[in-house]
Amino acid sequence: MPSMAFISLSKPSQWRPRLSNPQSLPLLRLFCSTETPSPQPGSASDAPPAETPTGSPPDPQNGSAAAASAPPPPQTPKPRQLRRARNPEKTEDIICRMMANRAWTTRLQNSIRDLVPEFDHNLVWNVLHGAKTSDQALQFFRWVERSRLFQHDRETHLKIIEILGRASKLNHARCILLDMPKKGVQWDEDLFIHLIDSYGKAGIVQESVKLFNQMKELGVERSLKSYEALFKSILRRGRYMMGKRYFNHMLAEGIEPTRHTYNIMIWGFFLSLRLETAKRFFEDMKTRGLSPDVVTYNTMINGYNRFKMMDEAEQLFVELKGKNIQPNVISYTTMIKGYVSVGKVDDGYRLFQEMKSFGIKPNDVTFSTLLPGLCDAEKKDEAQNLLSEMVERHIAPKDNSVFEKLLYCQCKSGDLDAAANVLKAMIRLHIPTEAGHYGILIENFCKAGVYDRAVHLLDKLIEKEIIMRSQSSMELEASAYNPMIEYLCNHGQTDKADVLFRQLMKKGVQDSVAFNNLIRGHAKEGNSDSAFEILKIMGRRGVPREADSYKLLIKSYVSKGEPADAKTALDSMIENGHVPESSLFRSVMESLFEDGRVQTASRIMKSMVEKGVNENMDLVAKILEALFIRGHVEEALGRIDLLMQSGCAPEFDSLLSVLAEKGKTIAAVKLLDFCLERDCMVDFKSYDKVLDALLESGKTLNAYSILCKIMDKGGVTDWRSTDDLIKSLNLEGNTKQADVLSRKIKGGEDMAGQSNKGKKQVSMAS
């Protein structure tokens, strides 16, 4: 709160001057450039200055001749100018640095002993003051005492209690305080006040009260200062009833409150939202003849602001001026804060102008209070004026969220130049810019179509690795980086987008839109491997992948002549639940087929059929033919079986004819067996071609087997080469097979004759 600055009891600690090495003072005199050098015997300064004879003025001619004939005067060597020596490091600084850089061990203690043969009061106090941590100060404090190097006095005790109180090591501070009489050091009130205040700041009110009551038992006098420290500790935690009780106890002891006491009480009651109690104490101080000062009025005004009671706050502000009390910057800032909180930004801006007209300069709190109100009211011109004044006076607010509001305000109004100036102002004020600040501008530049400026900001963001800052409170939002990544990927700058998003991934971003845009961008630019790497990252992180991204990636691989990678990407697409289009299946199968990877193309064909895509049958026939020709008969038959189950039977006649013509008789036999077992529709000419091929290649037993199966199925028996097959079987010694085939043929002919005779008898009877 602003008013607390006027009721603080503590004062900033300062270094005590101490001569670290008295013997070095004469040495410093030798190197001091401002000291007049002492005259040396035999030097030019010992001789008296030359005088001219009195009574006769110097003759110019004679003088010139004499000057010409006289030998030149001896030149006096100029004294060498010595450099100013650096100030030697103080002993206490050396000890503090040693404690900060080394562990507290016996070796370090011996090093300090060697450095300082004798410890005096100023050295010990300055080491305690300059210690980097409270632990180092406490270790040093106890060490010099236990080692009998120094006997602590009241001031060193007070210093260590202050240090431990700030570090909330209150048990150590309490022990040191209560042990002081054992060391021959007497207590005083200030020692207890510091510890009471430390307990209050730590929120341990009961210990503050306990220590305050213990002062009386220990014989330490309690004055108004002790009570005020207790009031601050109690009221800071909202114990207003306890505060009133101890206030009455103070009055009962005959201790009269001062204006400062009432300021503390009023502040505490408003902090506890006890409006009536604060008003009653305000009137009570007037009754006691204590006129309120500017701190009192500031506290009351700030309290009314808490309750949104601006009319009462205005009355007090007018009363303040009527009593010829000069309002200070806190008075105006508090009033401005109240106006902003109730939406009266115009009144707040009017007071801002008024305070400047009276010569009161606004501080950083004033700007931080008024600027958000102006932004919320969309008063961009006034906000811009305040920002310019801040930059001109180089006032940096402690609350950096002000600049976020300014950026949104200017962007909302459409003034992107003014918004960009906000970022420049932050840089001039040495305020660390965060990724979120850049993101607001980038998002609005993209919305306005000013992509070149957005890219310029993005370059700075990437170059300085602002996204990677661990202490950043404003992250880059998806509404900023997604349009930027999409633009870069569509304009041949996917690598830059990739760098941006990899920085975002290190911050835990897993945006599927950005991932898919990167895949598309890399695929369009032909960086298929980079695109597939993004796909793998998405798979590891469980990010959903779009079908279009896969489609572009697969086409990129196909265009680059990398069918194996295209097949891998297609498999990944199917595994992730996407059904590729018929054209995508065809492009991958064609690429693999042309590359000679027939079996791989066959596996893609299998996936296509399983996914219910019943197209590309011309390409399917080519793949089946290639499988048969290369000897992958079982695989080909498996694919045919799958096709038939899906209702897409291939053209068996074409396959059989090709295999017979190319002499692939074994493959043809297996295919024909497959057709006969499943009663497939095959033309008689195809049977003849296969049988002829078998007979020509001397595979009479295979021809016999196939012919018998055909005849058993009631197929053709008038194959023109039947006699040739029987002869070949007899010549090869397969007489049994030849006899069986002859009888089958003869039996078939008899059955055919009986069938014809029956038909004739039926016709005659009719």
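Shown above is the structure to which this text applies.
Values in this document were obtained by computation on a predicted structure and should not be read as measured data.

What counts and how
Residues numbered from 1 in each chain as written. Predicted model: local features only at pLDDT ≥ 70, side-chain atom pairs only at ≥ 80, totals over all residues. Heavy atoms only, no water. Helix = DSSP H or I, 4+ residues; strand = E, 2+ residues; numbered from the N terminus. Buried < 20%, exposed > 50% of the residue type's maximum accessible area, 1.4 Å probe, protein only. Contact = heavy atoms within 4.5 Å. Areas by Shrake-Rupley, 256 points an atom, 1.4 Å probe, with all protein chains shown as cover. Patch = residues over 30% accessible without salt bridge, like charges linked within 9 Å, V, L, I, M, F, W, Y side chains within 5 Å. Salt bridge = Lys/Arg side-chain N within 4 Å of Asp/Glu carboxyl O. Lys, Arg positive; Asp, Glu negative; His and termini not counted. Charge placed at Lys NZ, Arg CZ, Asp CG, Glu CD. Phe/Tyr/Trp six-rings, centres within 6.5 Å; stacked < 30°, edge-to-face > 60°. Expected span 1.5 Å × (residues − 1). Core = buried A, V, L, I, M, F, W, Y, C linked by side-chain atoms within 4.5 Å.

Visitor: Hey, could you go over the overall build of the protein chain for me, with residue numbers and the actual values?
Guide: Of the regular secondary structure elements, the protein chain holds 40 helices and 0 strands. Taken over 766 residues, the protein chain has a buried fraction of 45%. Sequence-distant contacts in the protein chain: of pairs separated by 6 or more residues, those separated by 24 or more amount to 65%. When the accessible surface of the protein chain is totalled, it reaches about 40700 Å², and 49% of it is carbon and sulfur.

Visitor: Give a description of a positive patch on the surface that names residues and reports values.
Guide: A contiguous patch of positive charge on the surface is contributed by Lys424, Lys460, Lys464 and Arg469. Summarising the element assignment, Lys460 is placed in helix α24 (residues 451–463). With a relative accessible area of 31%, Lys460 lands in the partly exposed category.

Visitor: Go over the side chain of Asp197, please, and point to the residues and values.
Guide: Checked against the element boundaries, Asp197 lands in helix α9 (residues 189–201). Excluding residues within four positions of it along the chain, Asp197 makes contact with Lys232, Ser233 and Arg236.

Visitor: With reference to specific residues and values, describe the pattern of salt bridges.
Guide: Applying the stated rule across the entire model yields 44 salt bridges. Asp190 serves as the salt-bridge partner of Lys225, at 3.0 Å between the closest nitrogen and oxygen. With Lys225 in helix α11 (residues 224–236) and Asp190 in helix α9, the pair connects residues that are 35 residues apart, well separated along the chain. Residue classification places Asp190 among the partly exposed positions, given a relative accessible area of 27%.

Visitor: Talk me through the packing of aromatic side chains; I want residue IDs and the actual numbers.
Guide: Tallied over the entire structure, the rule returns 23 aromatic pairs. Each ring, one from Trp104 and one from Trp143, has its centre 5.7 Å from the other, and the planes form 80°; the classification is edge-to-face. Of the two residues, Trp104 is situated in the loop between α3 (91–101) and α4 (106–115) and Trp143 in helix α6 (residues 134–146); the sequence distance between them amounts to 39 residues. Residue Trp104 is classed as partly exposed on the basis of its relative accessible area, which comes to 23%. Taking the relative accessible area as the measure of exposure, Trp143 reaches 6% and is therefore buried. One aromatic cluster in this structure is built from Phe212, Tyr227, Phe231, Tyr246, Phe247, Tyr262, Phe269 and Phe281.

Visitor: Let's hear about helix α20 (residues 380–393): which residues, and what values?
Guide: For α20, built from 14 residues, the straight-helix expectation of 20 Å at 1.5 Å per residue is met to within 8% by its first-to-last C-alpha distance of 20 Å. Listing the buried residues of α20 in full gives Ala383, Gln384, Leu386, Leu387, Glu389, Met390 and Val391. Residues of α20 that are buried in the fold lie against α18 (345–357), α19 (364–376), α21 (401–413) and α22 (416–428). Residue His394 follows α20 closely and has a positive phi angle near 55°.

Visitor: Break down the nonpolar core for me, with residues and values.
Guide: One finds Phe119, Phe140, Phe501, Phe628 and Leu671 to be the most contacted residues of the largest nonpolar core, which totals 221 residues. No other element matches the 8 residues that helix α36 (residues 665–677) contributes to this core. Residues contacting Phe140, with those up to four places away along its chain left out, are Ile95, Met99, Trp104, Phe119, Val124, Val127 and Leu128.

Visitor: Describe the environment of Asp683, listing the residues and the values that go with them.
Guide: In this fold, Asp683 is placed in the loop between α36 and α37 (684–696). Here the alpha-carbon distance between Asp683 and Asp653, two residues 30 residues apart in the chain, equals 6.4 Å.

Visitor: Provide a residue-level description of α37, including the pertinent values.
Guide: A rise of 1.5 Å per residue sets the reference length of α37, with its 13 residues, at 18 Å; its end C-alpha atoms lie 18 Å apart and thus fit the reference within 8%. Those residues of α37 not exposed but buried are Ser686, Tyr687, Asp688, Val690, Leu691, Asp692, Ala693, Leu694 and Leu695. Next to the buried residues of α37 lie α35 (652–661), α36, α38 (700–712) and α39 (722–731). Just beyond α37, the residue with positive phi is Gly698, at close to 80°.

As far as function goes, none of this settles anything; it's purely spatial.
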